[in-house]
Amino acid sequence: MQKLNVAMIGGGFMGKAHAMAYAAMPMFFWPAPAIPVRKVVVDVNQQMAETARDRFGFEEASADWRAVVARPDIDIVDICTPNNSHAEIAIAAAKAGKHIICEKPLARTGVESRTMLDAVRASGSIHMVAFNYRRTPAVALARKLIEEGRIGDILNFRGTYLQDWSADPDSPLSWRFQKSVAGSGTVGDIGTHVIDFARYLVGEIASVNAMVKNHIPTRPRQSGGLDTLGVGGDRNAERGPVDVDDEMLTMIRFANGAIGSIEATRNAYGRNNFLTFEIHGTKGSLAFNYERRDELQVMFADDVGDARGFRTVYTGPAHPYGSGLWPIPALGIGYGETKIIECFDLCTAIVTGKQPSPNFEDGYRIALIADAILSSGESGQWVDIP
Ligand code: SOE
């Protein structure tokens, strides 16, 4: 069986998720398309890299991503760093002829994302952007039902992503609140996951009309670059400026005539990973909430009159990716499983030579939509997506 040597750049939250997926993918999907080998992990200094190596089961540790990306024995470069370094690493990896998986959002802006897309087009690499939530089996099932015409023509899409980890105004000023590093706030960080759902399930977005707001203009500065997602820090530290959005709400027009809305905020006390959609079609409806991710709510208009209404389908072996996952519905899908499936799809793409989805083309399109939301938030006007 083919082996694929992985160089993972970044040993934080995403590094943990990706490393687990490399180890677990062949345990779930067998025969595996290929065996990913955790070859080398890179972090900001040698000590952190060695800790990541020991923790995540890599063979080697390095603090020099440029040297690692150029190594002839590396097949896949996996980018798990903050947004401002995605483009530089991806372009170097493409030039070195590597296959690439990059954490989301692809980059800080559409322009920056385009440079990455151009680089992978020129190199012929397989490329993927890690919008993992579409790989939740219930979400993939929704797509299958839509493709089969089971809910008819799509009329609308309502999507939300609500979290509360940044609601405390005294939580630390991490890179996620700095435009120079993150590109944007809620729009790029979590709004893009919903944009990915909208495009995956309904189709291309043609125009947006948005409100975008910052609620907390300063936060206590933190020492070090670690992102603790709202936890810890010195509440009394000198405060620094937040120059990104905390909340977005946009109307959307799809190219196929459907309409919809997307809301996202990380300041919704009580909401943790409230990533949802509801889709109405001419023959039925679908609803999903990631906080209950084993379930897809389904309603078909031709249900008999006295039993009409949403029913709960628990995903299992009968559903997308079901043959590789757990043998009984509702045993439990988690964040880890979405990353395992992502790894399966990446390795399948590499061995078959067929680009996976979402790839850098999708990441670029999503970045253009994010740019349009930010621009509409400033102008108050409808903005067409180029
Ligand atoms: C923080 O909002 C975050 O870690 C996002 O960056 C991830 O994409 C999301 O999956 C979980 O929350």
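Remember, it's a predicted structure, so these values are computed and weren't measured experimentally. (Residues numbered from 1 in each chain as written. Predicted model: local features only at pLDDT ≥ 70, side-chain atom pairs only at ≥ 80, totals over all residues. Heavy atoms only, no water.)

S.K.: Would you take a moment to explain the site of the ligand for this structure?
M.R.: Around the ligand, a shell composed of Phe 13, Lys 104, Tyr 133, Tyr 161, Gln 163, Trp 165, Arg 176, Asp 189, Ile 190, His 193, Leu 229 and Tyr 335 is seen. Measuring from an oxygen atom of the ligand, one finds a side-chain N or O atom of Gln 163 at 2.8 Å. Within the side chain of Trp 165, an N or O atom sits 3.1 Å from an oxygen atom of the ligand. In the complex, 94% of the free accessible area of the ligand, which totals 310 Å², lies under the protein chains. Considering every element that reaches the shell around the ligand, the biggest residue donor is helix 8 (residues 186-201), with 3 residues. If you count residues domain by domain, the shell around the ligand takes at least three from each of domain 1 (3-133) and domain 2 (136-357 + 364-384). (Near = heavy atom within 4 Å. Polar contact = N/O pair within 3.5 Å; in protein donor to acceptor, adjacent residues only side chain to side chain. Areas by Shrake-Rupley, 256 points an atom, 1.4 Å probe, with all protein chains shown as cover. Helix = DSSP H or I, 4+ residues; strand = E, 2+ residues; numbered from the N terminus. Domains from an automatic or database assignment.)

S.K.: What is the right way to look at the packing of aromatic side chains in this model?
M.R.: Any pair of aromatic rings gets described here by the distance separating the centres and the angle formed by the planes. Scanning the model with the defined rule gives 12 aromatic pairs in all. When the ring of Phe 197 is compared with that of Phe 277, the centres are 5.5 Å apart and the planes differ by 90°; the resulting orientation is edge-to-face. On the criterion of sequence distance, the pair formed by Phe 197 in helix 8 and Phe 277 in strand 13 (residues 274-281) is long-range, its members being 80 residues apart. For the residue pair Phe 197 and Phe 277, the accessibility class agrees, reading buried in each case. Feature note: the residues Phe 13, Tyr 133, Tyr 161, Tyr 290 and Tyr 335 constitute an aromatic cluster, connected by ring pairs. For the cation-ring pair, Arg 114 lies above Tyr 364, with the distance from its terminal atom to the ring centre recorded as 5.3 Å. One residue, Arg 271, lies across the ring of Phe 274, its end atom 3.9 Å from the ring centre. (Phe/Tyr/Trp six-rings, centres within 6.5 Å; stacked < 30°, edge-to-face > 60°. Buried < 20%, exposed > 50% of the residue type's maximum accessible area, 1.4 Å probe, protein only. Lys NZ or Arg CZ within 6 Å of the ring centre and 35° of its normal.)

S.K.: Sorry if this is basic, but what is going on with the pattern of salt bridges here?
M.R.: Pairing between side chains of opposite charge can happen when their charged atoms approach one another. Following the criterion strictly, the structure yields 28 salt bridges and no others. Between Glu 342 and Lys 339 there is a salt bridge whose closest N-O contact spans 3.1 Å. Taken together, the positions of Glu 342 and Lys 339, both in helix 9 (residues 335-352) and 3 residues apart, correspond to about one turn of that helix. (Salt bridge = Lys/Arg side-chain N within 4 Å of Asp/Glu carboxyl O.)

S.K.: Just to check I follow, could you spell out the sheet that holds strand 2 (residues 35-42) for this structure?
M.R.: Picture the strands of a sheet paired through backbone hydrogen bonds; they go either parallel or antiparallel. Taking strand neighbours across the sheet as the criterion, the 6 strands line up as 3-2-1-4-5-6 in an open arrangement whose pairing is parallel. Sheet topology places strand 3 (60-62) and strand 6 (127-129) at the edges, where each strand pairs with a single neighbour. With direction set aside, neighbouring strand axes in the sheet form an average angle of 20°. Direction of pairing for strand 1 (residues 3-9) relative to strand 4 (residues 76-79): parallel, over a ladder of 4 bridges. Its bridge partner being in strand 4, Ile 9 is matched across the sheet by Ile 79. (Pairing = 2+ DSSP bridges. Axes fitted to C-alpha atoms, helices over the stretch in contact; angles between N-to-C directions.)

S.K.: Can you walk me through unusual backbone geometry in this structure?
M.R.: One can expect most non-glycine residues to show negative phi and most peptide bonds to be in trans. For the bond from Trp 30 to Pro 31, the omega torsion is 0°, close enough to zero to count as cis. Relative to the assigned elements, Pro 31 resides in the loop between helix 1 (13-28) and strand 2. The peptide bond linking Lys 104 to Pro 105 adopts the cis configuration, its omega dihedral lying at -15°. Counting through the fold element by element, Pro 105 comes out in the loop between strand 5 (99-102) and helix 5 (110-123). One non-glycine residue, Leu 229, lies in positive phi territory at about 50°. Structurally, Leu 229 is set in the loop between strand 9 (218-220) and strand 10 (239-241).

S.K.: Explain helix 5 to me, please; I cannot follow it from the model alone.
M.R.: Counting along an α-helix, one turn takes 3.6 residues, and residues three or four places apart therefore face a common direction. Taking 1.5 Å of rise per residue, 14 residues should cover 20 Å, and helix 5 covers 20 Å from first to last C-alpha, within 8% of that figure. Residues Gly 110, Glu 112, Ser 113, Met 116, Leu 117, Ala 119 and Val 120 constitute the buried set of helix 5. Summarising the contacts, the buried residues of helix 5 are in contact with helix 4 (86-95), strand 5, strand 6 and helix 10 (360-379). Positive phi appears at Gly 124, one or two residues downstream of helix 5, with a value of about 75°. (Expected span 1.5 Å × (residues − 1). Contact = heavy atoms within 4.5 Å.)

S.K.: How should I be thinking about the domain arrangement of the chain in this particular structure?
M.R.: Quoted interface sizes are often the accessible area lost when the parts come together. Domains assigned within the chain are domain 1 (3-133) and domain 2 (136-357 + 364-384). Once you take the C-alpha centre of each, domain 1 and domain 2 turn out to be 23 Å apart. Of the residues lining the interface, 40 residues belong to domain 1; the matching set on domain 2 comes to 48 residues. Of the roughly 3900 Å² buried between domain 1 and domain 2 on both sides combined, carbon and sulfur atoms contribute 72%. (Buried area = accessible area lost by both parts, 1.4 Å probe.)

S.K.: Is there a simple way to think about the sheet that holds strand 8 (residues 205-213) in this case?
M.R.: Read from one edge to the other, the open sheet built from 9 strands follows the order 16-15-14-13-7-12-11-8-17, with strand pairing classed as mixed. In this open sheet, the two strands that pair with only one neighbour each are strand 16 (311-314) and strand 17 (383-384). Sheet topology note: the strand 7 (residues 154-162)/strand 13 ladder contains 8 bridges and is antiparallel. Along strand 13, the bridge assignment pairs Gly 159 with Phe 277. Sheet strands touched by helix 6 (residues 137-147): strand 7, strand 13, strand 14 (284-289), strand 15 (295-300) and strand 16. Its angle to strand 15, the strand with the most contacts, is close to 25°. Helix 10 contacts strand 8, strand 11 (247-254) and strand 17 of the sheet and is inclined by roughly 50° relative to strand 8.

S.K.: Just checking my understanding: could you explain the side chain of Arg 176 for this structure?
M.R.: Structurally, Arg 176 can be placed in the loop between strand 7 and helix 7 (179-182). Among the polar contacts listed, one links the side chain of Arg 176 to the side chain of Asp 227, at a separation of 2.5 Å. Not counting chain neighbours up to four residues away, the residues in contact with Arg 176 comprise Trp 165, Ala 182, Ser 184, Gly 185, Asp 189, Asp 227, Leu 229, Val 244 and Arg 266.

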